[in-house]
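# Fold and contact review
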Amino acid sequence: MIEITSTRSLSWRQKIYRCTTGRSGILINKQEGDGATPVGMFPLLRVLYRPDRLNPPDTALPVQPLCSNDGWCNEPAHDDYNQPVKLPHIASHEQLWRQDSVYDMIVVIGHNNSPVIPGGGSAIFLHVAKPSFEPTAGCIALEFTDLKEVLQTCSQNTMLQVRPL
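These notes cover the structure that comes with them. (Residues numbered from 1 in each chain as written. Predicted model: local features only at pLDDT ≥ 70, side-chain atom pairs only at ≥ 80, totals over all residues. Heavy atoms only, no water.)

What follows deals with the sheet that holds strand β10 (residues 93-95). What the 3 strands build is an open sheet, ordered β9-β8-β10; its pairing is antiparallel. Two strands bound the open sheet, and with one partner strand each, they are β9 (84-86) and β10. In this sheet, adjacent strand axes meet at a mean angle of 40 degrees when their direction is disregarded. Relative to β10, strand β8 (residues 70-73) runs antiparallel, the two sharing 3 bridges. Each residue of the ladder has a partner; that of G71, found in β10, is Q95. (Pairing = 2+ DSSP bridges. Helix = DSSP H or I, 4+ residues; strand = E, 2+ residues; numbered from the N terminus. Axes fitted to C-alpha atoms, helices over the stretch in contact; angles between N-to-C directions.)

Here L87 and P88 are connected by a cis peptide whose omega angle stands at 5 degrees. When you line up the elements, P88 lands in the loop between β9 and β10. Positive phi, normally seen in glycine, also occurs at N82, with a value near 55 degrees. Mapped onto the elements of the fold, N82 is located in the loop between β8 and β9. Here the phi dihedral of N112 falls at roughly 50 degrees; this positive angle occurs in a residue that is not glycine.

With that settled, consider helix α1 (residues 144-153). Looking at α1, one finds that the buried residues are D146, L147, V150 and L151. The arc enclosing the buried residues of α1, seen along the axis, measures out at 135 degrees, which places them on a common side. (Buried < 20%, exposed > 50% of the residue type's maximum accessible area, 1.4 Å probe, protein only. Arc of directions from axis to C-beta.)

Structural data, given as structure tokens:
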């Protein structure tokens, strides 16, 4: 089990990795737009990656290349809430094909997806940290090489645990 042990560290296979979490910390009652990383035990669903910048990552998880028109709906009132969408999209969304490198590799986390609860939080990913390791909008971010290392050794049964701090 991958475990978030603080707002700045992730533990996996007896190794501690530097990470960053949401700018509002880690919360039990995650809400859309609150900037918090949700508490819970989450499956790692799949890995998305930028094929123009990277080769497919070496992992046992399902892997899918991103396209330039990929997005993720973050509009609680829309039927596509917390689901991948193709752009342009009528509802509020996050663009997954970014100019910076933070979404070059994205692990989709099974948060608020079964069932999707409007306003319960969307687009919670494990992704690449900015060089400054500034807090995220609710995701968990690791250095690129650390994210690759974690993915190489996890399986489709690996869970991510985020505990209240």
